[in-house]
Amino acid sequence: MEEKSLDNIEISGIGVVSPAGNSPEAVFSAAVAPPPPAKLEFTGKSELDGAVGFFCDMSEARLVLGAMKIRRLGRLQIMSLLAAKKAFLSADIKVSGTDTGVYVGTGLGSLGETAAFLENMIQLGENFPKPANFINSVHNAAASSLALEFSLKGENITVAHREISFDAALWHALSGLKQGRVKNAVVCGADELNYYHVLAGSDKGLWKTEGQPFQPLAPGNSRGTFPGEGAAVCVLSSGGQTGGNEAPVKVLGVKFGRYRRDMHTYINLRDAGDFLERLMDSAGIKASEVDLLLSGADGDARLDAVYLRVGAELARRAGRAVPQGTYKQLCGDYRAASGFGFVAAAQILRTGRAPAGFFPGGQDIPDGSIKTILLYAISRSGAHSGCVLGREW
């Protein structure tokens, strides 16, 4: 089977549901003054009174999707469908049929629906639990909803692999496009904020408390981060299909794997630098050609220090300073947050501008100066991932 070059894989549409807004344009507006984390309320759960985090406003979902879907579907599915609707509206091509595959990356899946189903079983003595909770709790519920909603009959893959779930789903999509199994790919990264996830993170000491500073990579940050949620969707197509878009944003490469730890710097910097160099080699670029490093730094003082060191290692190999931006101040920390970073990077390249809110200290990046973006994320579980996006101006 003949493989197509990654040079020809274009981003024809993007959509997002996030705490910062439910469109790339709204996210850019919010970047000027990122929203503070809000108090979280879980009905009937008092153990987390006072917990704070980033929660999506999906009040528009009833109007966009209809009341019946809102009643029948779980939160993860609703977020994914809403983001996909927006991505399809912005797409330059018609997406449907057997030529389009669906690829969903989710770290926790519909954990809230699974818990609701099990609790319902206990409360009713295992008699007649609500079927919707069970149907929505399966790991591929979001992917099946996307396929049914938009009549997408190509391959349908769900990846649940902790913090690299979106990146792995993106890899499967690129593989399908390269090998000609599909002509278009709908890639979604989504995770919901639910009581059990917040409770588990609280027990492990992962979260900051209300009022603590939260600006990734900025001085003065404390330990911990804030929980978040969201759904990000991109529509990918093999080259030449995106109509009048003369200079489309392209996916140049994606990579993920385990990293080696270092007792002094958490991650072995040479290993991290080699990982990024291999990613850039696969994308056909050099370190000196990277215009922006967009990282998954989450405001935890210890992890921030690691990202800064990796950024310095990239700058050393590039032979010049590489601006480093962040995005989790807009969406909080969740397993599939790299999907939000992917959409943010695509929007930066599409518009040719990078709002100062993406940069600690409010760096001023001239419009049109960013042609290549390197996305990089480190997980506490021992994995790291990266992606390269580019556009010619």
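For clarity, every value in this text was computed on a predicted model and none was experimentally measured. (Residues numbered from 1 in each chain as written. Predicted model: local features only at pLDDT ≥ 70, side-chain atom pairs only at ≥ 80, totals over all residues. Heavy atoms only, no water.)

Enquirer: Where do I start with empty space enclosed by the protein in this structure?
Expert: Empty space among the atoms becomes visible once a probe the size of a water molecule is rolled across them. What the rule picks out here adds up to two cavities of 30 Å³ or more. Empty space within the largest cavity amounts to approximately 80 Å³. Along the walls of the largest cavity sit F166, D167, L294, Y327, S338, G341, F342, L375, Y376, A377, S385 and C387, which together make up its complete lining. Of all the secondary-structure elements, those providing two or more residues to the lining of the largest cavity are α8 (165-178), α13 (337-351), β13 (372-378) and β14 (383-390). Tallied by class, residues from the lining of the largest cavity come to eight nonpolar, three polar and one charged. The wall of the second largest cavity is formed by V16, P24, V27, F340, V343 and A344. (1 Å grid on protein atoms, 1.4 Å probe; cavity = no way out; pocket = protein on both sides within 12 Å on 5 of 7 lines; lining within 4 Å. Points joined across faces, edges and corners; volume = space filled by probe spheres on them. Helix = DSSP H or I, 4+ residues; strand = E, 2+ residues; numbered from the N terminus. Nonpolar A, V, L, I, M, F, W, Y, C, P; charged D, E, K, R; others polar.)

Enquirer: Would you take a moment to explain helix α5 (residues 111-123) for this structure?
Expert: Every α-helix winds through 3.6 residues per turn, so residues three or four apart in the chain are directed the same way. For α5, with 13 residues, the first-to-last C-alpha span of 18 Å sits near the 18 Å given by 1.5 Å per residue. The complete set of buried residues in α5 reads E113, A115, F117 and N120. (Expected span 1.5 Å × (residues − 1). Buried < 20%, exposed > 50% of the residue type's maximum accessible area, 1.4 Å probe, protein only.)

Enquirer: Is there a simple way to explain the packing of aromatic side chains in this structure?
Expert: How two aromatic rings sit relative to each other is given by the distance of their centres and the angle of their planes. With the rule as written, the count across this model stands at twelve aromatic pairs. Considering the side-chain rings of F88 and F150, the 4.3 Å spacing of their centres and the 35° angle between planes classify their relative orientation as tilted. Residue F88 is found in helix α4 (residues 75-90), and its partner F150 is found in helix α7 (residues 141-150); the two are separated by 62 residues along the sequence. What makes F88 buried here is its relative accessible area of 18%. The exposure class of F150 is buried, given its relative accessible area of 14%. (Phe/Tyr/Trp six-rings, centres within 6.5 Å; stacked < 30°, edge-to-face > 60°.)

Enquirer: How do you make sense of unusual backbone geometry when you look at a structure like this?
Expert: Glycine aside, residues mostly have negative phi angles, and peptide bonds mostly take the trans form. Positioned with a positive phi, R162 is a non-glycine residue whose angle comes to about 50°. In this structure R162 comes out as partly exposed when scored by relative accessible area, which is 49%. For L217, which is not glycine, the phi torsion reads 70° and is therefore positive. Mapped onto the elements, L217 comes out in the loop between α9 (195-203) and β7 (230-238).

Enquirer: It is not clear to me how the nonpolar core should be interpreted in this structure. Could you clarify?
Expert: Side chains of a nonpolar character, in soluble globular proteins, are inclined to be buried together. With 52 residues, the main nonpolar core has I11, L170, V187, L236, F342, F358 and L389 as its most contacted residues. Per element, the largest residue contribution to this core is nine residues, and it comes from α13. Membership of the second largest hydrophobic core comes to 29 residues, among which are A61, L81, A83 and V102. (Core = buried A, V, L, I, M, F, W, Y, C linked by side-chain atoms within 4.5 Å.)

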